[in-house]
Amino acid sequence: MNTIQLECFIAVAQHLNFSRASEELKITQPAVSHQIRTLEEELDVKLFKRTSKEVSLTPEGIQFLPDAELILKTALSAKERLGRHEVMIPFEVGCHNHMELRLLPDIFRALAAEFPPLRPSVRIDPFPSLLGLVENKKLHAAFGTKEGQKKSSLYFKELCSVPIACVCSPEHPLARYETLTKNQLTGSFIACSPRQVTAPVFAIQSRVLSHLAPEQQYFTENIESAFTLAKAQLGYTLYTDVPQIREPGLCYIPVTDLPCLSFGVYYRYDNDHPVLRRFLNLCGESGFHLRFF
């Protein structure tokens, strides 16, 4: 698949006429037909229905059109950048839930001001997967809670020490407390998949579940779903309380006899990316200075 094939396909799709497409592209009509035919052979589908009176897109052609436009736009944009000898700086950060995305806009804004060619991106994946991506240099850094990490090539920069909190709706009976102990936790409990929370949090959730009847147990695929059930007043959950990423509409009550956990950024110590050090410094300057208890 090449840009000439895509240009011919898009032109014919827009005009539904091979002659007009050839005029627009300034090549002969047989050349346009040849490019369409080779593209169809490569894709192993028919893109156009052709009769003596009209040309129309097949269902496959309709489906392929937005893809063709995106591929062509990306290719031409890359060619233009290379022609201007621009050097873009990709920088990829991992989060394991959507709430952590709230940490990034101010940091990315500051980085973009200092490094104009920067092109940041964010990937959301389960926590174990994120660490593997950082380890294999597919991500430059990833947010997470510190746990017994054996990967020697990963460093962990602590941003704050946070408590495990009871997370519930304002109407929940536990919401009236400013702090709680494990013995005060009562009612239905909402747990997450072990792939969506860190090992220390899942271990605490499992201990709570072991003392509850089945009718008091709720299981969700991710923490966003758990928070949705909490907002629906179906129960409470336990999760690390990082104030900067709290979910609106919920109460966070620290459980004082559960250990605090360290929240921060994982990265490879041997990663010499030009932006990584500044990213880590900005994370440390972004208000992660509160320690609890």
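Scroll up a little and you will see the structure.
Residues take numbers from 1 onward in each chain, read along the sequence in its written order. Whole-chain, interface and lining totals are the exception, using all residues; otherwise, since this is a predicted model, local features are given only for residues with pLDDT of at least 70 and side-chain atom pairs are given and counted only at 80 or more. Side-chain numbers come from the whole structure's heavy atoms, not from hydrogens or water.

**Brief notes about the sheet that holds strand 12 (residues 261–268)**
Step number 1: One bridge is not enough; two strands pair if DSSP finds at least two bridges between them. Elements are defined by DSSP. Helices are runs of H or I of four residues or more, strands are runs of E of two residues or more, and each kind is numbered from the N terminus. Across the sheet, 5 strands lie side by side as 4-3-5-12-6; this open sheet has mixed pairing. Both outer strands of the open sheet, strand 4 (118–124) and strand 6 (154–162), are each paired with one neighbouring strand and no more. Going from strand to strand, the sheet's axes swing by 20 degrees on average, the running direction of each strand aside.
Step number 2: Here strand 3 (residues 89–95) runs beside strand 4; their pairing, made up of 7 bridges, is parallel. Note on method: axes are straight lines fitted to C-alpha atoms, helices fitted across the in-contact stretch only, with angles between N-to-C directions ranging 0 to 180 degrees.

**Notes on the sheet that holds strand 10 (residues 237–240)**
Step number 1: The antiparallel open sheet is built from 3 strands, whose spatial order is 10-7-11. Looking at the sheet topology across the chains shown, the edges are occupied by strand 10 and strand 11 (251–254). Pairwise comparison of adjacent strand axes, ignoring direction, gives a mean angle of 40 degrees for this sheet.
Step number 2: In the sheet, strand 7 (residues 164–168) pairs with strand 10 via 4 bridges, with the strands oriented antiparallel. Each bridged residue has a counterpart across the sheet, and for Ile-164 the counterpart in strand 10 is Thr-240.

**Structural notes on the environment of His-211**
Step number 1: If you trace the backbone, His-211 turns up in the loop between helix 7 (199–209) and strand 9 (217–220).
Step number 2: What makes His-211 exposed here is its relative accessible area of 70%.
Step number 3: Along the chain, His-211 and Arg-176 lie 35 residues apart, while their C-alpha atoms are 23 Å from each other.
Step number 4: Polar contact is the term for a pair of N or O atoms within 3.5 Å; when the atoms are in protein, one must be able to donate a hydrogen and the other to accept it, and sequence-neighboring residues count only if both atoms are side-chain atoms. There is a polar contact of 2.9 Å between the side chain of His-211 and the backbone oxygen of Arg-207. Throughout this description, buried means an accessible area under 20% of the type-specific maximum (1.4 Å probe, protein chains only), exposed means over 50%, and partly exposed covers the range between.

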